[in-house]
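As a plain string of letters, each chain reads:
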Amino acid sequence: MLSLDLNETTMLHVQWPLPYATNALDPTISAATIAVHYGKHHKGYVDALNELIAGTELTMLSLEELIAETAGDPASVAIFNNAAQSWNHAFYWRSLRPKGGGEPPLALKQRIEASFGSLDACKKKLAAAATSQFGSGWVWLVLDADELKVIRTSNAETPLTMRMKPLLAIDVWEHAYYLDYQNSRLDYVNAVLDNKINWGFAATNLE
Ligand code: FE2
């Protein structure tokens, strides 16, 4: 998340620009979904975060520092949730691309095959994680120590607080797919994995 210096002591978090047009992921993810998801939900988290930290010393922190500072603190749940959701969404948009899917770059593909056996097995594991996540949350491809893993997180939880390096995120909150797929989270995730997942972004994060 970009941070904008307003003056020497106050930083306002700014919603990252969407890296493509709102209709660029259609029909996998419609422009109507992006309009609400990016324009209302993601924006809402960033706006709420700025309101929550206004006038406090927390405005001195970057988004990543804010997430680390508030994680696990019962008195800071609202700030953590909005900070983590701001970061998770910025990461999610970059985990997708208009001409996505297909084959990962070779070095990443070899890492995937070493950890999961095959690209198809990795995709199946991501899809299974999505369908088995109870309620709202996220599915991630992460680097854990030296191994690639698929993990789930609930609500706003993020691998940033788990000593894991996120490579890709798929939002499995209902607001990510309900307009396009109604209750079929599996159809949404499979369509994303086949057509829109940004393996190049994952490869960059692996470096
Ligand atoms: Fe979302």
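Whatever comes next refers back to the structure up there.
Here's a quick rundown of the structure. (Residues numbered from 1 in each chain as written. Predicted model: local features only at pLDDT ≥ 70, side-chain atom pairs only at ≥ 80, totals over all residues. Heavy atoms only, no water.)

Examining the packing of aromatic side chains
One pass over the structure, following the stated rule, counts ten aromatic pairs. With a centroid separation of 5.2 Å and an interplanar angle of 25°, the aromatic rings of Tyr-177 and Tyr-188 are classed as stacked. Within this pair, whereas Tyr-177 is found in the loop between β5 (165-171) and α6 (178-181), its partner Tyr-188 is found in helix α7 (residues 185-195), the two being separated by eleven residues in sequence. The class of Tyr-188 is buried, set by a relative accessible area of 0%. Site record: aromatic cluster; members linked through ring pairs are Tyr-38, Trp-87, Phe-91, Tyr-92, Trp-93, Trp-138, Trp-140 and Phe-201. Above the ring of Trp-16, the side-chain terminus of Arg-94 is found at 4.0 Å from the ring centroid. (Phe/Tyr/Trp six-rings, centres within 6.5 Å; stacked < 30°, edge-to-face > 60°. Helix = DSSP H or I, 4+ residues; strand = E, 2+ residues; numbered from the N terminus. Buried < 20%, exposed > 50% of the residue type's maximum accessible area, 1.4 Å probe, protein only. Lys NZ or Arg CZ within 6 Å of the ring centre and 35° of its normal.)

A closer look at the sheet that holds strand β3 (residues 137-144)
Pairing in this open sheet of three strands is antiparallel, and the strands run β4-β3-β5 from one edge to the other. Each end of this open sheet is capped by a strand with a single partner; those strands are β4 (147-154) and β5. Sheet twist, expressed as the mean angle between neighbouring strand axes with direction ignored, is 25°. (Pairing = 2+ DSSP bridges. Axes fitted to C-alpha atoms, helices over the stretch in contact; angles between N-to-C directions.)

A closer look at helix α8 (residues 199-206)
Taken across its eight residues, α8 has six buried, putting it largely inside the fold. Listed in full, the buried residues belonging to α8 are Trp-199, Phe-201, Ala-202, Ala-203, Asn-205 and Leu-206. Buried residues in α8 make contact with α3 (77-94), α4 (106-116), α5 (119-132), β3, β4 and β5. (Contact = heavy atoms within 4.5 Å.)

Thoughts on the coordination of the iron ion
In the first shell of the iron ion, the protein supplies His-37 (NE2), His-89 (NE2), Asp-171 (OD) and His-175 (NE2), at 1.9 to 2.2 Å from the metal. Given four donor atoms and angles of 89 to 130° at the metal, the environment of the iron ion is assigned as tetrahedral. For the iron ion, all donor residues lie on one chain, and their spacing in sequence is H-x51-H-x81-D-x3-H. Note that His-89 is positioned in helix α3 and Asp-171 in strand β5, a separation of 82 residues in sequence. Residue class for Asp-171 comes out buried when judged on its relative accessible area of 0%. (Donors = N, O, S within 2.8 Å, 3.2 Å for Na, K, Ca; no water. Tetrahedral: all angles 85-135°; square planar, octahedral: opposite > 155°, others 65-115°.)

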